[in-house]
Each structure stands twice: as C-alpha cells, then as structure tokens.
Amino acid sequence: MKTNQVSKAAAISPLAIRERTGSISTAEIISVLHGEITGLHIKQAFSTEVAEEITAKFVGSPGLQERKDGVPGQYVGASHYRKDAATYFAASETARPYVDALFENLVDPVRALFDALKRELHRQGIDLRLARSQDGHANICRALSWSGVGAYALEPHDDVAQVICAGNDYEFSAVAHNTVAALNFYPSLADEGGNLRLWSHKPTVTDRKSQGVETTGYPYSKAYLEPVPCRDLQLKAGDIALIDGGFVHGVTCQSGSGKRRLVLNSFFGFAQPDLVLWWT
Ligand SMILES: O=C(O)CCC(=O)C(=O)O
Ligand SMILES: [Fe+2]
C-alpha cells in the first residue's frame with residue numbers, strides 16, 4: 001500500500017446535494033441514477049415506529065453476524081464486497097429468511113421504494129430487478145451497524161471499486177460504467193455523530209492504484225482527503241440518503257449511550273440502457 005503512493009492531488013468534482021423533508025420521489029431517484037444529483041437526503045422519509053421495529057428485530061436477529069472481511073461492523077444479509085459471484089449469491093440465499101424477518105408484519109419501506117421505482121422505470125421502457133445468477137438472487141437490502149473506532153465508524157471509501165473488480169461472473173459488473181447508486185435507510189442512529197460525509201472527489205482507477213485501494217476502494221487515507229472539500233449529511237432515524245457511490249464517503253464517529261446506528265443499504269444502477277440491476 002505504501003510503496004507507489006504518488007502524492008498526486010485528488011481532482012475535485014463538485015457535489016450536487018439536495019436535502020429536504022418528506023417522501024422520496026421516483027424522479028429524484030432517477031436523477032441520482034443519471035448522475036445529476038450526488039447526494040439526496042430525505043428527512044423523516046419513513047415512519048419512526050417502523051424504524052424502531054426494524055431496529056429491535058435487527059438486535060434480536062438470529063442471523064446477526066460480525067463482519068470478517070476487514071470492515072468493522074455487524075450485519076444481517078449478504079455483501080458482495082470481496083466475494084465471487086457464486087459465494088455472494090449463495091450467501092444471499094442463506095441470509096434471505098433473516099433479512100425478510102427484519103420486516104415481518106411491517107410494510108417494508110425499502111421494498112416500497114423498489115416497487116415504486118420499478119413501476120416508473122417500466123413506464124420508461126426500463127426493467128428493474130434484483131441481480132441474479134444460477135446460484136440465486138440478491139436480497140432487497142442488507143442491514144449494517146458500523147463499529148469502527150477513531151475518526152470514522154466506517155472509513156472513507158467508494159462503492160465502485162468493488163463493482164469494477166467483481167468480475168464478469170457478476171451481471172452487475174457493467175454498472176461500474178454508469179452511476180452506482182447507494183441507497184441508505186436509517187432506522188436508528190447513535191445520540192451523536194454517525195453523519196454520512198461526502199467528499200468532492202470521484203476517484204478514477206488511476207487514483208485508486210495510487211492509493212493502494214484498487215480492488216476495494218477502501219479506505220482512503222486522511223492525507224489524501226485532507227485538501228478535498230466535504231459535506232456532512234446529518235442523519236436522524238427515519239431518514240433516507242441516496243448517493244452516487246462513486247464519490248468518496250464515510251461515516252463519522254458516533255457516541256452516546258445505548259442507541260446503535262443501523263443502516264439498510266442497497267446498490268443499483270444501469271447495466272444496460274433498458275435494465276437497472278439491484279444488489280447488496
Ligand atoms: O452507513 C452509511 O451511512 C453508509 C454505508 C456505506 O457507505 C456502505 O455500506 O457502503
Ligand atoms: Fe459506501
């Protein structure tokens with residue numbers, strides 16, 4: 001990681017951020033997909049009662065596990081990060097009952113967004129579906145609680161490196177040429193911190209190589225990001241943040257007694273002009 005770090009300044013790409021209260025619209029989601037909005041923060045976007053029930057189900061889930069892939073956190077669901085397609089889709093199948101159980105007896109807000117987007121895209125002649133292979137298909141989301149200590153609960157990273165390096169076994173590898181939209185629902189936050197920080201920088205393959213994060217996009221160093229302007233989305237339970245995952249982002253440190261930060265995360269993007277794929 002250290003040897004060929006050329007100290008080349010990170011190119012600045014402006015952030016287009018929209019923050020408001022209310023319900024998310026399919027037009028805004030599609031604007032993120034087209035790269036017109038970098039960060040969309042919708043406050044009070046889903047019910048706090050539903051948020052509390054999902055959080056309680058996560059905490060008590062028999063499918064709750066510690067991440068063992070170098071990213072500190074606990075999760076329910078499957079992550080494609082550093083997995084080949086066969087392993088990821090098998091893990092998705094195994095985790096499905098646990099993911100579904102998080103929404104038992106509730107109207108799942110992630111599924112509601114998926115269905116609304118599917119209807120709108122269909123009107124435009126575009127199909128939206130979960131990514132799949134012969135081994136299974138992706139889940140609607142994964143639930144994550146970050147536990148990094150220090151400046152970041154989740155270190156600065158981008159979500160595209162893992163898609164580029166996923167390999168051709170994955171039908172969604174083609175999305176890396178377009179916007180990888182990262183969708184986050186927040187059922188719970190710690191009393192303080194846990195902001196989603198976005199930097200004005202969209203790394204290229206060359207940038208990643210220079211930083212020794214070519215295959216992971218994780219983590220970008222403090223020194224590399226120091227000169228880059230950033231913006232924090234200050235999140236509360238019931239909020240949604242939808243970002244262009246190609247921009248560097250991370251989660252600031254969190255503090256306070258008891259409450260843990262929980263995010264329901266999914267990725268989606270255009271694999272073909274008439275096909276949007278969704279995965280975790
Ligand atoms: O927890 C968050 O706010 C962001 C999650 C994230 O960036 C990711 O899962 O890749
Ligand atoms: Fe991310």
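To be clear, the structure that these remarks concern was listed above.
Below is a summary of the structure that appears in this document.

Description of the overall build of the chain
1) Next: Scanning the chain from terminus to terminus reveals seven helices and 18 strands.
2) Next: Relative to a compact globule of 280 residues, whose C-alpha radius of gyration would be 19 Å, the chain shows 18 Å and is just as compact.
3) Next: Within the chain, the proportion of its 280 residues that are buried is 53%.
4) Next: Pairs at least 24 residues apart make up 78% of the contacts formed inside the chain by residues separated by at least 6 positions.
5) Next: Accessible surface for the chain amounts to roughly 12,300 Å². Of this, 50% is attributable to carbon and sulfur atoms.
6) Next: Charge separation in the chain, taken as the distance between the mean sites of 28 positive and 31 negative side-chain charges, equals 2 Å.

Here we look at the site of ligand 1
1) Next: As a matter of local geometry, ligand 1 sits amid 13 residues, with R142, W146, Y186, H249 and R261 nearest to it.
2) Next: W146 is positioned with one of its side-chain polar atoms (N or O) 2.8 Å from an oxygen atom of ligand 1.
3) Next: Taken by itself ligand 1 offers 290 Å² of open surface, and the protein chains cover 97% of this.
4) Next: Where the shell around ligand 1 is concerned, the elements lending two or more residues are β8 (142-146), β9 (152-157), β10 (181-188), β15 (249-252) and β17 (262-272).
5) Next: For the shell around ligand 1, the per-class residue count stands at six nonpolar, four polar and three charged.

Focus on the pairing of strand β1 (residues 17-21)
Within a regular strand, the side chains alternate between the two sheet faces.
1) Next: Both β1 and strand β2 (residues 39-43) contribute to a ladder of five bridges, which runs parallel. Counterpart to R18 in the pairing with β2 is L40.
2) Next: Taking the sense of rotation as the criterion, the β-α-β connection linking β1, helix α1 (residues 26-33) and β2 turns out right-handed.

Observations concerning the coordination of the iron ion (ligand 2)
1) Next: Taken together, H157 (NE2), D159 (OD) and H249 (NE2) make up the full set of protein donors to the iron ion (ligand 2), lying 2.1 to 2.2 Å away.
2) Next: Donor residues for the iron ion (ligand 2) sit on one chain with the sequence pattern H-x1-D-x89-H. Taken together, the residues H157 in strand β9 and H249 in strand β15 connect sequence positions 92 residues apart. For the pair formed by H157 and H249, the shared burial category is buried.

Focus on empty space enclosed by the protein
1) Next: All told, the structure shown has one cavity of 30 Å³ or more when counted by the stated rule.
2) Next: R142, W146, L154, H157 and D159 are, among the 26 residues lining the largest cavity, the residues nearest its centre.
3) Next: Counting residues per element, the ones that place at least two in the lining of the largest cavity are β8, β9, β10, β15 and β17.
4) Next: In terms of residue class, the lining of the largest cavity is made up of 13 nonpolar, eight polar and five charged.

Looking at unusual backbone geometry
1) Next: Residues Y218 and P219 are joined by a peptide bond in cis, for which omega reads -15°.
2) Next: The phi dihedral of R82 falls on the positive side, at around 60°, and the residue is not glycine.
3) Next: Here R82 is to be found in the loop between β4 (73-76) and α3 (85-101).
4) Next: Phi at N105 is positive, roughly 65°, even though this residue is not glycine.

Overview of α3
1) Next: For α3, which comprises 17 residues, the first-to-last C-alpha distance of 24 Å matches the rise-based estimate of 24 Å (1.5 Å per residue) to within 8%.
2) Next: Those residues of α3 lying buried are A85, Y88, F89, S92, A95, R96 and V99.
3) Next: Contacts made by the buried residues of α3 are with β4, β6 (132-133), β7 (136-137) and β18 (275-279).

What counts, and at which threshold
- Residues numbered from 1 in each chain as written.
- Chains lettered and ligands numbered in written order.
- Predicted model: local features only at pLDDT ≥ 70, side-chain atom pairs only at ≥ 80, totals over all residues.
- Heavy atoms only, no water.
- Helix = DSSP H or I, 4+ residues; strand = E, 2+ residues; numbered from the N terminus.
- Rg over C-alpha atoms; globule rule 2.2 N^0.38 Å.
- Buried < 20%, exposed > 50% of the residue type's maximum accessible area, 1.4 Å probe, protein only.
- Contact = heavy atoms within 4.5 Å.
- Areas by Shrake-Rupley, 256 points an atom, 1.4 Å probe, with all protein chains shown as cover.
- Lys, Arg positive; Asp, Glu negative; His and termini not counted.
- Charge placed at Lys NZ, Arg CZ, Asp CG, Glu CD.
- Near = heavy atom within 4 Å.
- Polar contact = N/O pair within 3.5 Å; in protein donor to acceptor, adjacent residues only side chain to side chain.
- Nonpolar A, V, L, I, M, F, W, Y, C, P; charged D, E, K, R; others polar.
- Pairing = 2+ DSSP bridges.
- Right-handed = clockwise from strand over helix to strand, strands pointing away.
- Donors = N, O, S within 2.8 Å, 3.2 Å for Na, K, Ca; no water.
- 1 Å grid on protein atoms, 1.4 Å probe; cavity = no way out; pocket = protein on both sides within 12 Å on 5 of 7 lines; lining within 4 Å.
- Points joined across faces, edges and corners; volume = space filled by probe spheres on them.
- Expected span 1.5 Å × (residues − 1).

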